[in-house]
Amino acid sequence: MIALDLDNTLLNSEKKISETNTKVLKQLHKQGKAIVLCTGRPINAIWDWLTQLGLMDGNDYSVNFNGSLVIHNVDKKPLMADGMKRDHFAHLHEFCAAHQYPLDILDFNGVYPINDLPLSGYEKRLGGNMHFLHIPFAKMPDASYSKAVICTDPGVLDQIVANMPEQLTKEFHIVRSQPMILEFLKPGIDKGSALDVLLKHFGWTRDNLMTFGDAQNDLEMLASAGVGVAMANGTAEAKRTANRETDLDNNHDGVADFLTSYFVKEE
């Protein structure tokens, strides 16, 4: 199983999967290897990339919402969905209100920008194929939610991380997926735990897993894999956690270059 983060890993700076990365991953998929995209996004937001890579066979799955959801690509049926209720976010909402930080809360289908707080840049960054409903926190429906996001200036996020209330660190697994995005997940939920679910489904172990990532939200899957590969452009923390590293960055087909070298040598 080859599991790949998207932003700054498989995607280049233009948010595209290059022709070279596409060709190599399609070849490996045709040879029977499971190719799994692992992302903070929902499946609708990665649909075009799944189609581009041809990941529409009966055994193709994705990891979404940084591990809250493992989904069957073809019919979009969940293999695992592990969410939270609205009340779980009450203290986080209070924290954001006290400091006038923006907050977006996601269920497993769409995004709720909380409009009794300042507007965030999350909707603009996440883009198409997603439903956004601007709503006050008190009027959020009784549903299962995958995560919450604070999307704001990187300098502001630096301050938030440095001064995070202890209560929130107990209530959430908090990861910074991008310089502008801080994510609040259910404790115990991450890309690594989601991949464990998928490995069990296939009857495999972590020895059968290769992962690629660059940032804090990739650490668990980099640490848990038999072959955990940090991108050349990845953070120092990602490189310390992984046991391998690409020679090239995400703008120069680092994933394809590593896969080609690795499997040629293995064969």
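Scroll up for the structure.
Residues numbered from 1 in each chain as written. Predicted model: local features only at pLDDT ≥ 70, side-chain atom pairs only at ≥ 80, totals over all residues. Heavy atoms only, no water.

*Asks:* Would you take a moment to explain the side chain of Asn-73 for this structure?
*Replies:* Mapped onto the elements of the fold, Asn-73 is located in the loop between strand 4 (69–72) and strand 5 (78–81). For Asn-73, a relative accessible area of 0% gives the class buried. At 3.0 Å, the side chain of Asn-73 forms a polar contact with the backbone oxygen of Leu-55. Setting aside chain neighbours within four positions, we find Asn-73 in contact with Ile-43, Trp-47, Leu-50, Leu-55, Met-56, Asp-60, Tyr-61 and Ser-62. (Helix = DSSP H or I, 4+ residues; strand = E, 2+ residues; numbered from the N terminus. Buried < 20%, exposed > 50% of the residue type's maximum accessible area, 1.4 Å probe, protein only. Polar contact = N/O pair within 3.5 Å; in protein donor to acceptor, adjacent residues only side chain to side chain. Contact = heavy atoms within 4.5 Å.)

*Asks:* Please explain the pattern of salt bridges as it appears in this structure.
*Replies:* Summed over the entire model, instances satisfying the criterion amount to 11 salt bridges. A salt bridge links Glu-166 to Lys-170, with the nearest nitrogen and oxygen atoms 3.6 Å apart. Placement of the pair is Glu-166 and Lys-170 together in helix 7 (residues 166–171), with a separation of four residues, close to one helical turn. Glu-166 gets classed as exposed once you look at its relative accessible area, which sits at 55%. When the shortest N-O distance is used, the salt bridge between Asp-196 and Arg-206 registers 2.6 Å. With Asp-196 in helix 8 (residues 191–202) and Arg-206 in the loop between helix 8 and strand 12 (210–213), this residue pair connects regions lying 10 residues apart in the sequence. (Salt bridge = Lys/Arg side-chain N within 4 Å of Asp/Glu carboxyl O.)

*Asks:* Please explain the sheet that holds strand 7 (residues 110–113) as it appears in this structure.
*Replies:* Sheets are built from strands that pair by backbone hydrogen bonding, the pairs being arranged parallel or antiparallel. What the six strands build is an open sheet, ordered 8-7-6-9-11-10; its pairing is mixed. Where the open sheet ends on each side, the last strands, each with one partner, are strand 8 (131–132) and strand 10 (173–178). (Pairing = 2+ DSSP bridges.)

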